[in-house]
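Chain and residue survey
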Amino acid sequence: MGTAIRALAYRGVQALLVALLVGVLTFLMMQSLPGDMAFRIAAGRYGYDLVDAAAAAMVREELGLERPMHEAFIAWFGDILRLDFGRSLTSGAPVIDEIRHQLGASLQLAGAALVLSFLIGPPLGVLAGLRPGGWFDRGLLLISTALRSVPQFMLGLFLIVILSIHLGLLPAAGHGRAVHFILPALTLALGLAAVSARIARDAMAAVAASPFYAFGRWKGLNERQLLLRHGLRNIGVPLVTYMGLQFAMLVEGVVVVESIFGWPGIGHALVHAIFGRDVPMVQGTALLLGLGFVVLNGCVDLATGLIDPRGTGAA
């Protein structure tokens, strides 16, 4: 009980530090971007064709953009402590409502990509790890290395050209139907599967070469029984840890992939918020992603503690 309380307290302090660091960095970066912030915000509201110096001056006065930076940041952080994320400078809608809508679309896409990567990568890695050095293992290494070396925007464009333009099998962009998930989810999943396949392969090879695995074979267990009883659980810890780290990789990839495929998620919205100098929107999005990473780390720690055979005395 005491250990759990200490762990929760540690995560709480970590979340507070993340909130402070994310707030400071995003605020400073937004303030240091070139150009007139008031003009960009006015352009986001009224359109570039209709904005002029008078509209920018009205926005500057309305939002108090002339006040010192430290006052603006203290006001924002005070609102965060009251769980008030403020309002979007462009749309005027509450930031939390905007994020809630966009985050739902991003979580759907990320969930589809994670499931797809889990179905592709670990099974192939386990098969390669059972026969290290074989033709399948060498082929998987070549393919996974190639997939990890290709930037996600290039992979996405390649899939659009092949599967959408040339073959006409899938829509190049869109949202609202199940078929729209395939290309963006596959773009994210292939890179993740390439790494998870290598992790599963290395873990499986180490387990298959271990004395307890050989002892299980000596006891008369067949290969299927060995894999189910001794293999999968022992390779589960590095795989679960990596799946937690995949969140950070998805955050990086989802910004690019959502922009390429026109997916109305949080990454696509973040790009538009940065261009529009929508500071509350950028800060709220970055803060939510940072806190989500803290929560996910805690869940990964809990999951690895539950499945680690060394914690229960099982081999």
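Residues numbered from 1 in each chain as written. Predicted model: local features only at pLDDT ≥ 70, side-chain atom pairs only at ≥ 80, totals over all residues. Heavy atoms only, no water.

**Focus: the UniProt feature "transmembrane region" (unreviewed entry) in the chain**
We count it as follows: UniProt positions are given in the numbering used here, feature names are shortened, and annotations may be inferred rather than shown by experiment. Helix numbers and strand numbers start at the N terminus; a helix is a DSSP run of H or I with at least 4 residues, a strand a run of E with at least 2.
Mapped onto this numbering, the UniProt entry gives "transmembrane region" (unreviewed entry) at residues 12-30, 109-130, 150-171, 178-197 and 281-300. For the annotated span residues 150-171, helix accounts for 68% and strand for 0% of the residues, and the straight-line distance between the end C-alpha atoms is 22 Å. Along residues 178-197 one finds 80% helix and 0% strand; the C-alpha atoms at either end are 26 Å apart.

**Topic: helix H6 (residues 135-149)**
Count 3.6 residues to each turn of an α-helix, and residues three or four apart come out pointing the same way. Rules: The span one expects for a helix is its residue count, reduced by one, times 1.5 Å. Accessible area is worked out with a 1.4 Å probe on protein chains only. A residue is then buried under 20% of its type maximum, exposed over 50%, and partly exposed in between. This arc is built from the directions going out from the helix axis to the C-beta atoms. We call two residues contacting when some pair of their heavy atoms lies within 4.5 Å.
Its 15 residues place the ends of H6 21 Å apart at the C-alpha level, agreeing with the 21 Å of an ideal helix rising 1.5 Å per residue. For H6, the set of buried residues is Asp 137, Leu 140 and Ser 144. The arc enclosing the buried residues of H6, seen along the axis, measures out at 60 degrees, which places them on a common side. More than 90 degrees from the buried face of H6, the exposed residues found are Trp 135, Arg 138, Leu 142, Ile 143 and Ser 149. Packed against the buried residues of H6 are helix H5 (95-130) and helix H8 (182-208).

**Things to note about the packing of H6 against H8**
The geometry of a pair of packed helices is captured by two quantities: the angle between their axes and the separation between those axes. Selection criterion: Whenever a helix is involved, its axis is fitted only over the stretch in contact; in every case the axis is a line through C-alpha atoms, and angles between N-to-C directions fall within 0 to 180 degrees. Two helices that cross are described as forming a left-handed crossing if the nearer one is turned anticlockwise from the farther one by less than a right angle, and a right-handed crossing if clockwise.
The geometry of H6 relative to H8 is characterised by a closest axis approach of 8 Å and an angle of 140 degrees between their N-to-C directions. For the element pair H6 and H8, the recorded crossing hand is left-handed. Between H6 and H8, the residues in contact are Asp 137, Leu 140, Leu 141, Ser 144, Leu 147 and Arg 148 and Leu 190, Gly 191, Ala 194, Val 195, Ala 197, Arg 198 and Arg 201, respectively.

**Some words on the side chain of Ser 144**
Mapping Ser 144 onto the fold places it in helix H6. Judged by its relative accessible area of 4%, Ser 144 falls in the buried class. When sequence neighbours within four positions are dropped, the list of residues in contact with Ser 144 reads Ala 194 and Arg 198.

**Overview of the pattern of salt bridges**
The cut-off we apply is this: Each reported salt bridge corresponds to a side-chain nitrogen of Lys or Arg within 4 Å of a carboxyl oxygen of Asp or Glu.
Across all of its chains, the model carries four salt bridges by this definition. The salt bridge involving Asp 137 is made with Arg 198; its shortest N-O contact spans 3.5 Å. Here the residue Asp 137 occupies a position in helix H6, and Arg 198 occupies one in helix H8, the gap between them amounting to 61 residues. For Arg 198, a relative accessible area of 17% corresponds to the buried category. With a shortest N-O distance of 2.8 Å, Asp 137 and Arg 201 are connected by a salt bridge. Pair noted here: Asp 137 is in helix H6 and Arg 201 is in helix H8, with a separation of 64 residues, a long-range link. Judged by its relative accessible area of 6%, Asp 137 is buried.

**Concerning the packing of aromatic side chains**
The condition that has to hold: Aromatic contacts are taken between Phe, Tyr and Trp rings whose centres are within 6.5 Å, Trp giving its six-membered ring; a plane angle under 30 degrees counts as stacked, one over 60 as edge-to-face, and the others as tilted.
Here the structure, examined in full by the defined rule, presents two aromatic pairs. Consider the rings of Trp 135 and Phe 136, whose centres lie 5.9 Å apart with planes at 90 degrees: the pair is edge-to-face. Given the relative accessible area of 70%, Trp 135 is considered exposed. For the pair Phe 181 and Trp 263, a centre-to-centre distance of 4.9 Å together with 65 degrees between the ring planes defines the contact as edge-to-face. A residue pair is termed long-range when its members are at least 10 positions apart, and Phe 181 in the loop between helix H7 (152-166) and H8 and Trp 263 in the loop between helix H10 (223-261) and helix H11 (266-275) qualify at 82 residues. Residue classification places Phe 181 among the partly exposed residues on the basis of a relative accessible area of 21%. Classification of Trp 263 as buried rests on a relative accessible area of 0%.

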